[in-house]
Amino acid sequence: MRLALFGPPGAGKGTQAKRLARDHDLTHLSTGDLFRAAIRERTPLGLKVASLLEAGELVPDDVTNGIVADRLAQIDYGSFVLDGFPRTVPQAEWLLDHLAANDAPLDAVVSLVVPDEDVVGRLSRRRTDPETGAIYHLDFNPPPADVDPETLVHRPDDQPEAIRHRLEVYHEETAPVEAYLREHVRYHEIDGTGSLAEVQARVTDVLVEDRGLAGI
Ligand code: AP5
Ligand code: MG
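Report on the accompanying structure.

Examining helix α9 (residues 196-209)
Phase 1: For α9, with 14 residues, the first-to-last C-alpha span of 20 Å sits near the 20 Å given by 1.5 Å per residue.
Phase 2: Among all positions of α9, only Val199, Gln200, Val203, Val206 and Leu207 are buried. Buried residues of α9, seen end-on, are gathered within an arc of 130° and therefore sit on one face of the element.
Phase 3: Looking at the packing, one finds that the buried side of α9 touches β1 (2-6), α1 (13-24), β4 (108-113) and β7 (187-191).

Set out below in structure tokens:
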């Protein structure tokens, strides 16, 4: 199955992509995680994109498409869930063309709808584990007792000013991708509010209902 999760910052794309990947044996392909790994490892790519991520600006399309192309080739265009890509219209056009050229069309997009007010509360209390990649929320999904809170990270782009800017960038550059995706692929919109388990159940339900994906 080849899927993409779509939605604003803090919509729960990473949280739900990890659950889908674990439960359905998909490769989780998050462009944000790939950029953060490059920044941690101080690769040339990491040095190039660090200030963009910290400010909440998008990385240029050619750079982003290039890392996605590499990862897709590594997994032989198999089963994956994209998280945070595509997020501009040119990225969406490139992705659908690139997958078609490799006989690996995208099966569906699931869009998580969450209001801006919820996003701010989610991101300001998010903590991530750089070792395991686990995503927590201090109130809604707290780290288990055996995780040392000192090892958890508050992402630099989760500061109030960067969150506001990421939301502006989302509304200007990413929200318009919805119309393109609706026209070209099976597009399912779900309510991304409620508990993590409720959202997970909605994601699974739309994918099971989607006749082409029966038996997910
Ligand atoms: P990226 O890492 O993709 O960030 P994002 O899209 O802003 O989304 P987030 O990771 O902040 O949120 P999420 O939807 O994954 O939510 P999560 O599950 O963590 O991108 C970062 C940067 O990289 C960009 O700003 C850009 O610079 C660059 N970049 C990446 N992709 C790019 C691209 N394609 N083109 C150009 N540049 C690109 O959940 C958030 C919080 O909410 C967590 O604390 C979680 O525990 C909690 N939560 C989750 N679900 C629920 C729920 N149902 N109820 C309550 N809390 C919940
Ligand atoms: Mg994420």
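Here we look at the packing of helix α6 (residues 116-124) against helix α7 (residues 160-174)
Phase 1: Running from N to C, α6 and α7 point in directions that differ by 140°, and their axes come no closer than 10 Å. It follows that α6 is oblique to α7 by the angle criterion. For the element pair α6 and α7, the recorded crossing hand is right-handed. In this structure, α6 uses Asp116, Val119, Val120, Leu123 and Ser124 to contact α7, whose residues at the interface are Ile163, Arg166, Leu167 and His171.
Phase 2: Taken together, the residues that form the contact of α6 with α7 break down as five nonpolar, two polar and two charged.

Quick word on a negative patch on the surface
Phase 1: Side chains of Glu57, Glu168, Glu172 and Glu173 sit close together on the surface and give a patch of like negative charge.
Phase 2: By the element assignment, Glu172 lies in helix α7.
Phase 3: Residue classification places Glu172 among the exposed residues on the basis of a relative accessible area of 62%.

Conventions and cut-offs
- Along each chain, numbering runs from 1 in the same order as the chain's sequence is written.
- The naming scheme follows written order: chains are lettered A onward, ligands numbered 1 onward.
- Given that the model is predicted, a residue must reach a pLDDT of at least 70 before its local features are reported, and side-chain atom pairs must reach 80 or more before they are shown or counted; all residues, however, enter totals for whole chains, interfaces and linings.
- Remark: hydrogens and water are excluded; side-chain values derive from all non-hydrogen atoms of the structure.
- Only runs of H or I of at least four residues qualify as helices and only runs of E of at least two qualify as strands under DSSP, and these elements are numbered from the N terminus.
- Expected helix span is given by 1.5 Å per residue-to-residue step, counting one fewer step than there are residues.
- Each residue is assigned to one of three classes by its accessible area relative to the maximum for its type, calculated with a 1.4 Å probe on protein chains only: buried under 20%, partly exposed between the two thresholds, exposed over 50%.
- Note that the arc is defined by the directions from the helix axis to the C-beta atoms.
- A contact between two residues is defined here by any heavy atoms of the two lying within 4.5 Å.
- Angles here are taken between N-to-C directions and fall from 0 to 180 degrees, while the axes themselves are lines fitted to C-alpha atoms, restricted in helices to the stretch in contact.
- The scheme is simple: roughly parallel for angles under 35 degrees, roughly antiparallel for over 145, roughly perpendicular for 65 to 115, oblique for anything else.
- Here is the rule for handedness: rotate from the far helix to the near one, and if that takes an anticlockwise turn smaller than a right angle the crossing is left-handed, while a clockwise turn gives right-handed.
- In this count, Pro and Cys sit with the nonpolar residues alongside Ala, Val, Leu, Ile, Met, Phe, Trp and Tyr, while Asp, Glu, Lys and Arg are called charged and the others, Gly among them, polar.
- Exposure above 30% relative accessible area and the lack of any salt bridge qualify a residue for a patch; like charges then connect within 9 Å, and the nonpolar side chains Val, Leu, Ile, Met, Phe, Trp and Tyr within 5 Å.
- Surface exposure here means Shrake-Rupley accessible area, sampled with a 1.4 Å probe, where a residue is shielded only by the protein chains that are shown.
- Each reported salt bridge corresponds to a side-chain nitrogen of Lys or Arg within 4 Å of a carboxyl oxygen of Asp or Glu.
- Positive: Lys, Arg. Negative: Asp, Glu. His and the chain ends are not part of the count.
- By convention, the point assigned to a charge is CZ for Arg, NZ for Lys, CD for Glu and CG for Asp.

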